[in-house]
Each structure stands twice: as structure tokens, then as C-alpha cells.
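Letter by letter, the chains look like this.
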Amino acid sequence: MTDRVGIGYDVHPLVAGRPLILGGVTVPFDKGLQGHSDGDVLLHALIDALLGAAALGDIGTHFPSSDERYRGISSLLLLEQAAALLRRHGWRVHNTDVTIVAQAPVFKPFIEPMRQAVAARLGVGLDSVSIKAKTTDGLGFEGRGEGIAAHAVAMITKV
């Protein structure tokens, strides 16, 4: 098998007093995501999708929240390390697709900078990175503004 697909999912609660960082981009909002690192659910889901596709475990295996080295770390750095791990195992990223699930804020102005940040860290073209945002029309924890979730799919190719 030369191509593989992985799926990732992450969710964090929204809390006051933290910046909202998604896809490595700071999004103006009155709350941010709680987490040991920067709480970037988009990148956490993507990292899990990439690691899963290569059968290399998950984000908690490689970057455990029990390790103080990762406290407050930018998830862009974690994405770079995950991409380097894939390369060391003979894989390259073919394409990724991530969906942010949140009622607010509006993410449209930030999607392109997110795509650019992800593409740069993965070493792929912008046409290999898709990021979308969806609301839940007020349903569930996302719709009530309690948290943000992200779903990711990644395809990798054996080099």
C-alpha cells in the first residue's frame, strides 16, 4: 500500500483569559481554548490524522500533556515535529482537509492565513490544504459556545 488515510478529531472548552488560536492563527474573540499547549484543536486534529495515517500513534503519545516541555507550546511546532516524524518513516503528505465546528466567531477572514501556516509547516502546496468552518445552528456544546471541535482527514503517500 502506497497511500494511506487518517482521521483526527479534537475538542477543547472555550475559556476567558486565553487567546483563540486556530490553525496557528490568532483569531480575535473574547475567549480562547483551554489546553496544555495553545489548545489549537484544528492542528491537534490534523496531527492525529497524520499520525494515524502512518500508524504512528496519536498526539498524546508523542506530545503528552504530562510533559512540561509542551506547556503553552505553539501547535505549529508540534505539527512541524509530526511532519518530520512522518518523513523519517518514509511518508509525505499528499493532502489534508479540516473542518472547524463552532458557532462563533466568524472564521472566514482567517481561513487563508490558516491554510498558509499549515501548508508551510507541512512543506506542501496551498492546494493540498483545505480548511472549512461550520456552525451547528445552536445545537450541542459548539452551538452553545462552550467549546470548539475540529475534524481532520489526511492522505499520505509512501516516498
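As a further point, take the sheet that holds strand β1 (residues 3-15). Two pairing modes exist for strands in a sheet, parallel and antiparallel, and in both the strands are linked by backbone hydrogen bonds. Taking strand neighbours across the sheet as the criterion, the five strands line up as β4-β1-β7-β5-β6 in an open arrangement whose pairing is mixed. Both outer strands of the open sheet, β4 (32-33) and β6 (129-134), are each paired with one neighbouring strand and no more. In this structure, strand β5 (residues 91-101) lies alongside strand β7 (residues 147-158), joined through 10 bridges in antiparallel fashion. Across the sheet, valine 101 pairs through a bridge with alanine 149, a residue of β7. Contacting β1, β4, β5, β6 and β7, helix α1 (residues 41-53) crosses the sheet at an angle of about 155 degrees to β1. Those strands touched by helix α4 (residues 108-122) are β5 and β6, and its axis lies near 145 degrees from that of β6.

Counting 50 residues, the largest nonpolar core has Leu22, Phe107, Met114 and Ile148 as the members making the most contacts within it. Ranked by the residues each element gives to this core, the list is headed by α1, at 10 residues. Residue contacts for methionine 114: discarding those within four places in its chain leaves Leu22, Gly23, Val25, Val27, Leu42, Ile100, Phe107 and Ile131.

Let us now look at the environment of leucine 79. Within the fold, leucine 79 resides in helix α3 (residues 75-88). Residues leucine 79 and leucine 46 lie 33 residues apart in sequence; the distance between their C-alpha atoms is 8.1 Å. Excluding anything up to four places from it in sequence, leucine 79 contacts Leu43, Leu46, Ile47, Leu50, Val118, Arg121 and Leu122.

About the criteria used
- Residues numbered from 1 in each chain as written.
- Predicted model: local features only at pLDDT ≥ 70, side-chain atom pairs only at ≥ 80, totals over all residues.
- Heavy atoms only, no water.
- Pairing = 2+ DSSP bridges.
- Helix = DSSP H or I, 4+ residues; strand = E, 2+ residues; numbered from the N terminus.
- Contact = heavy atoms within 4.5 Å.
- Axes fitted to C-alpha atoms, helices over the stretch in contact; angles between N-to-C directions.
- Core = buried A, V, L, I, M, F, W, Y, C linked by side-chain atoms within 4.5 Å.
- Buried < 20%, exposed > 50% of the residue type's maximum accessible area, 1.4 Å probe, protein only.

Function cannot be inferred from these measures alone, as they are strictly geometric.
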